[in-house]
Amino acid sequence: MLALFVGGISFAAASQVTGLYSAEVAVDGQSAEQRTDGIRRAFAQMLVKVTGNRHVAQRPEIQNDIEQAPRYVQQFRYRLDASRVPTGESSATEAGTASVGEISARLLTVQFDTAAVQRLLRERRLPVWGENRPSGLVWLGIESQGQRRVMRPESDEPLLSAMTAAAAQRGIPLLLPLMDLEDQAAVQVADLWGDFEQNISRASQRYTPDLIVTGRLTQLSSKLWRVTWRLYHGDRQSNWRDEGDDPAALAHAGIEHVSDLLAELYAPVGGEANLSRIRLRVSGVSDLTQYVGIGRFLQSQSSVERVDMMSVEPDAITYELQVRGGVQVLEQGLALGGMIEPITDLPDVSLPLIEGVDLFYRMR
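Residues numbered from 1 in each chain as written. Predicted model: local features only at pLDDT ≥ 70, side-chain atom pairs only at ≥ 80, totals over all residues. Heavy atoms only, no water.

**Looking at the overall build of the protein**
Reasoning step 1: The helix and strand tally for the protein stands at ten helices and 15 strands.
Reasoning step 2: In the protein, buried positions account for 46% of the 364 residues.
Reasoning step 3: Of the contacts made within the protein by residues no fewer than 6 positions apart, 67% connect residues no fewer than 24 positions apart. (Helix = DSSP H or I, 4+ residues; strand = E, 2+ residues; numbered from the N terminus. Buried < 20%, exposed > 50% of the residue type's maximum accessible area, 1.4 Å probe, protein only. Contact = heavy atoms within 4.5 Å.)

**As for the sheet that holds strand 3 (residues 73-80)**
Reasoning step 1: Within the open sheet, the three strands sit side by side as 2-4-3. Their pairing is antiparallel. Strands at the two margins of the open sheet, each flanked by one partner only, are strand 2 (22-26) and strand 3. Ignoring which end each strand starts from, the neighbouring axes of this sheet average 20° apart.
Reasoning step 2: Sheet topology note: the strand 3/strand 4 (residues 106-112) ladder contains seven bridges and is antiparallel. Within strand 4, the residue paired with Arg79 across the bridge is Leu107.
Reasoning step 3: Relative to strand 2, helix 1 (residues 32-51) is tilted by about 135°, and along the sheet it contacts strand 2, strand 3 and strand 4. (Pairing = 2+ DSSP bridges. Axes fitted to C-alpha atoms, helices over the stretch in contact; angles between N-to-C directions.)

**Observations regarding the packing of aromatic side chains**
Reasoning step 1: What the rule picks out here adds up to six aromatic pairs.
Reasoning step 2: Between Phe43 and Phe112, the aromatic rings sit 5.3 Å apart at their centres with planes inclined by 70°, giving edge-to-face as the arrangement. With a gap of 69 residues between them, Phe43 in helix 1 and Phe112 in strand 4 connect regions that are remote in the sequence.
Reasoning step 3: On the accessibility criterion, Phe112 (0% relative accessible area) is buried.
Reasoning step 4: Considering the side-chain rings of Trp129 and Tyr266, the 6.1 Å spacing of their centres and the 5° angle between planes classify their relative orientation as stacked. Of the two residues, Trp129 sits in the loop between helix 3 (114-123) and strand 5 (136-144) while Tyr266 sits in helix 8 (residues 247-266), which places them 137 residues apart along the sequence.
Reasoning step 5: A relative accessible area of 7% means that Tyr266 is categorised as buried.
Reasoning step 6: Taken together, the aromatic side chains of Phe43, Tyr72 and Phe112 make up a single cluster linked through ring pairs. (Phe/Tyr/Trp six-rings, centres within 6.5 Å; stacked < 30°, edge-to-face > 60°.)

**A short note on the side chain of Ser22**
Reasoning step 1: Along the chain, the position of Ser22 falls in strand 2.
Reasoning step 2: Excluding residues within four positions of it along the chain, Ser22 makes contact with Met46, Lys49, Val110 and Gln111.

**Remarks on the pattern of salt bridges**
Reasoning step 1: Summed over the entire model, instances satisfying the criterion amount to 26 salt bridges.
Reasoning step 2: Notably, a salt bridge pairs Arg148 with Glu143, separated by 3.4 Å at the nearest N-O pair.
Reasoning step 3: Judged by its relative accessible area of 43%, Arg148 is partly exposed.
Reasoning step 4: Between Asp260 and Arg170 there is a salt bridge; the shortest N-O distance is 2.8 Å. (Salt bridge = Lys/Arg side-chain N within 4 Å of Asp/Glu carboxyl O.)

**Observations concerning the nonpolar core**
Reasoning step 1: One finds Val138 and Met163 to be the most contacted residues of the largest nonpolar core, which totals 33 residues.
Reasoning step 2: Secondary structure elements with two or more residues in this core: strand 5, helix 4 (157-170), strand 7 (174-177), strand 8 (211-221), strand 9 (224-233) and helix 8.
Reasoning step 3: The dominant element in this core, judged by the number of residues it contributes, is helix 8, at nine residues.
Reasoning step 4: Excluding anything up to four places from it in sequence, Met163 contacts Val138, Leu140, Met151, Leu174, Leu176, Ala251 and Ile255. (Core = buried A, V, L, I, M, F, W, Y, C linked by side-chain atoms within 4.5 Å.)

**Details of the confidence of the model for the protein**
Reasoning step 1: Residues at a pLDDT of 70 or more form 85% of the protein, whose mean pLDDT is 87.
Reasoning step 2: Low pLDDT, under 50, characterises residues 349-353; the predicted model gives this stretch five contacts beyond four residues in sequence or across chains. (pLDDT = per-residue confidence, 0-100.)

**Overview of unusual backbone geometry**
Glycine aside, negative phi is the norm for most residues, and most peptide bonds take the trans geometry.
Reasoning step 1: For Gln145, which is not glycine, the phi dihedral falls at a positive 55°.
Reasoning step 2: Among the structural elements, Gln145 can be located in the loop between strand 5 and strand 6 (147-150).
Reasoning step 3: Note on Gln145: relative accessible area 75%, which makes it exposed.
Reasoning step 4: In this structure, Thr208 is a non-glycine residue whose phi angle is positive, near 45°.
Reasoning step 5: Here Thr208 falls in the exposed class, since its relative accessible area comes to 55%.

**Side note on helix 1**
Reasoning step 1: Across its 20 residues, helix 1 extends 28 Å between first and last C-alpha, which sits within 8% of the 28 Å expected from 1.5 Å per residue.
Reasoning step 2: Within helix 1, burial applies to Gly38, Ile39, Ala42, Phe43, Ala44, Met46, Leu47, Val48, Lys49, Val50 and Thr51.
Reasoning step 3: Against strand 2, helix 2 (63-67), strand 3, strand 4, helix 3 and helix 4 lie the buried residues of helix 1.
Reasoning step 4: In the segment just after helix 1, Gly52 is the residue with positive phi, at about 85°. (Expected span 1.5 Å × (residues − 1).)

**Describing the packing of helix 4 against helix 8**
Helix-helix packing is characterised by the crossing angle of the two axes and by the distance between the axes.
Reasoning step 1: Between helix 4 and helix 8, the least distance of the axes is 8 Å, while the angle of their chain directions is 30°. Compared by their axis directions, helix 4 and helix 8 come out roughly parallel. Here helix 4 runs over helix 8; the crossing is right-handed. Contacts between helix 4 and helix 8 involve Pro158, Leu159, Ala162, Met163, Ala165, Ala166, Ala167, Gln169 and Arg170 from the former and Pro247, Ala248, Ala251, His252, Ile255, Glu256, Ser259 and Asp260 from the latter.
Reasoning step 2: For the contact of helix 4 with helix 8, a count of residues per class yields eleven nonpolar, three polar and three charged. (Parallel < 35°, antiparallel > 145°, perpendicular 65-115°, else oblique. Left-handed = near helix turned anticlockwise from the far one by under 90°. Nonpolar A, V, L, I, M, F, W, Y, C, P; charged D, E, K, R; others polar.)

Laid out in structure tokens, this is it:
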């Protein structure tokens, strides 16, 4: 295990996100009215994860559907948060067995019907961001009372919890370095303050992230902190700054902003209005396992509405894809799976077998 992985939640590098179609909310009780209210709030939270858009629940076209949220429920259960239950009380998890504790300790977990939710979002022309999402590694430097250091999981729990919560709420695979001896030797605090990209990138390789986030959190006074963030994603860079009196809140907001940037790339609102037909040729397909794997991989893409096989060659397959969001969104999704890669040295497009192909890929 090489990294703290949250948003899933596991502790290893991965880009497959689970639990997108479930959510958990606090409820005041277990009456039918309280349960319906909780289901509606859980539905709104779930929509944020699935669409990638934190403001989706405020969109007018979805308001009536939130009111009708119970019709999308697959199952639900109640549990008590053990960390908030008074001493001596039970922390049983099944409905009807938990003892009566503090009102805030009762939680309602709701699992929604995946196919029904996806169908709803397609009808409302809202994005459906699939489970295959880019993983991000965060290096955070902290400056307080004239001392600089790199965030450590064992000593900066409030910051870690804040970022973990934000990643889980948005369905983003977030990696945090272990800061073991290898990390301590590879990354110095000066690398973060100097934005030494090569050193940071080299140190990040052991975690194989899809993107890297660096932050510099500085205490300016007893009641004011400033954080400067930088996101490295392929050949893209984004920079932003924030200030506030709560460093944990700043850490939470930083991950929220990263989530916003990724959602704009991989699940843009407004990209669902029209379907594009894109022909994709994948070469280097040598056996049935690869053939089946490619089909499943293409169908798993959040931007792909339909997959049709157009032609089969001895070592290649051409597909026609119906895509929402256009070719750029499709290419960004294909880059995450690690199964296929674009061909930069394109073949002679005049060959009859590949006429009309828009994208050329090969097996990795």
